[in-house]
Amino acid sequence: MSTLQSLQKSPHMMRNRMSDQTHDGRTIEVIFPPEQIAARMSGLADEIAGAGFRDLLVVSILKGSFIFAADLIRALHVSGLAPQVDFLTLSSYGAGTKSRGEVRIVRDIDLDVTGRDVLVVDDILESGRTLAFAKNMIAARGAARVECCVLLDKPVARAASVQPEFTAFPCPDVFVVGYGMDAAYRYRELPYVGRVV
Ligand code: IMP
Ligand code: MG
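Reading the values: rules and limits
Residues numbered from 1 in each chain as written. Chains lettered and ligands numbered in written order. Predicted model: local features only at pLDDT ≥ 70, side-chain atom pairs only at ≥ 80, totals over all residues. Helix = DSSP H or I, 4+ residues; strand = E, 2+ residues; numbered from the N terminus. Buried ≥ 20, exposed ≤ 12 C-beta atoms within 10 Å, placed from the backbone. Contact = placed C-beta atoms within 7 Å. Near = placed C-beta within 6 Å. Pairing = 2+ DSSP bridges. Axes fitted to C-alpha atoms, helices over the stretch in contact; angles between N-to-C directions. Left-handed = near helix turned anticlockwise from the far one by under 90°. Nonpolar A, V, L, I, M, F, W, Y, C, P; charged D, E, K, R; others polar. Right-handed = clockwise from strand over helix to strand, strands pointing away. Expected span 1.5 Å × (residues − 1).

**Points about the environment of Val113**
Mapped onto the fold, Val113 is located in the loop between strand E5 (104-107) and strand E6 (117-125). Overall, Val113 belongs to the buried group, with 20 C-beta atoms counted inside 10 Å. Once the C-alpha coordinates of Val113 and Leu57 are considered, the two residues, 56 residues apart in sequence, prove to be 8.2 Å apart. Not counting residues up to four positions away in its chain, the partners in contact with Val113 are Leu57, Val118, Ile138, Arg141, Gly142 and Ala143.

Shown next, in the form of structure tokens:
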């Protein structure tokens, strides 16, 4: 059964495409429904497969990108790639919704990136600090090529200059949750991207 089919059979399935009720009684406005995310994944994977990476290493930034990365790497397989995959846990937000402005490594990747082509995968680009930190760190360790792929790109003034080479969707400038993204560690399980209203 595909992820989409299992979601459609879920007892907690969305009531409609535009809003959903969480178990704690909050209403969530759905911005990107599961079908739209699933439909975008293969096109995005084809873009990455067509970019000429050699022996690709995908680095998924945790925790927010874990669901996006899981779907993306399976789409990359369908598009003919067999990347190595590693995880980099970074922290910038704590339990709030405002960036503290400093990025720190909570858990580093295992692999040596020297001479490697690396695709950094993150959930959302906002100030750019997280992605710039990851990209600069991997480049400084001697990677041959470092590019970035984000699920969502918020059109806000960047604190750090970084432009993702691959983007699934432009995102309205609101705090979003779901599809791996949290507010105070909640809502990561939601199969869509939405906004708590
Ligand atoms: P940046 O460093 O300001 O670009 O923020 C990027 C990181 O902050 C992402 O990796 C997310 O984990 C988190 N983040 C930024 N905006 C949101 C949001 O709207 N919802 C959930 N997490 C967010
Ligand atoms: Mg993140």
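Read on, since the account is not over.
**Focus: the site of ligand 1**
The full set close to ligand 1 counts 19 residues, and Gly64, Glu126, Ser127, Arg129 and Thr130 are the nearest of them. Listed by contribution, the elements that provide at least two residues to the shell around ligand 1 are E6 and helix H4 (129-140). By residue number, the principal contributor to the shell around ligand 1 is E6, which donates 4 residues.

**Here we look at the sheet that holds strand E2 (residues 27-32)**
Strand order in this open sheet of 3 strands is E1-E2-E9, and the pairing throughout is antiparallel. Looking at the sheet topology across the chains shown, the edges are occupied by strand E1 (19-21) and strand E9 (193-196). In this sheet, neighbouring strand axes are inclined to one another by 35° on average, regardless of whether the strands run parallel or antiparallel. Judged from the 3 bridges that link them, E1 and E2 form a sheet pairing that is antiparallel. Across the sheet, Asp20 pairs through a bridge with Ile28, a residue of E2.

**Regarding the sheet that holds strand E8 (residues 166-170)**
The strand order E5-E4-E3-E6-E7-E8 describes an open sheet built from 6 strands, whose pairing is mixed. The open sheet has two edge strands, E5 and E8, and neither has a second partner. Adjacent strand axes in the sheet meet at a mean angle of 30°, parallel and antiparallel pairs treated alike. Pairing of E6 with strand E7 (residues 145-153), which is carried by 8 bridges, proceeds in the parallel orientation. Note on E7: the bridge partner recorded for Ile124 is Leu152. On the sheet, helix H2 (residues 34-49) packs against E6, E7 and E8 and is oriented at approximately 155° with respect to E8. Its contacts with the sheet place H4 against strand E3 (57-62), strand E4 (84-91), E6 and E7, and it is angled at close to 170° to E6.

**Focus on the packing of H2 against helix H3 (residues 66-78)**
Taken N-terminus to C-terminus, the directions of H2 and H3 make an angle of 65°; their axes are 8 Å apart at the nearest point. Relative to H3, H2 is oriented so that their crossing is right-handed. Along the contact surface, H2 presents Met41, Ser42, Leu44, Ala45, Ile48 and Ala49, while H3 presents Asp71, Leu72, Ala75, Leu76 and Val78. For the contact of H2 with H3, the per-class residue count stands at 9 nonpolar, 1 polar and 1 charged.

**Some details on the pairing of E7**
Since E6 and E7 lie parallel, the crossover through H4 that links them has a hand, and here it is right-handed. Across 4 bridges, E7 lies against E8 in parallel orientation. Across the sheet, the residue bridging to Val150 is Thr167, located in E8.

**Points about H3**
Across its 13 residues, H3 extends 19 Å between first and last C-alpha, which sits within 8% of the 18 Å expected from 1.5 Å per residue. Taken together, the buried positions of H3 are occupied by Ile67, Phe68, Ala69, Asp71, Leu72, Ala75 and Leu76. In the core, the buried residues of H3 are packed alongside H2, E3, E6 and E7. Note on H3: the residue one or two positions beyond its end, Gly80, has a positive phi of about 95°.

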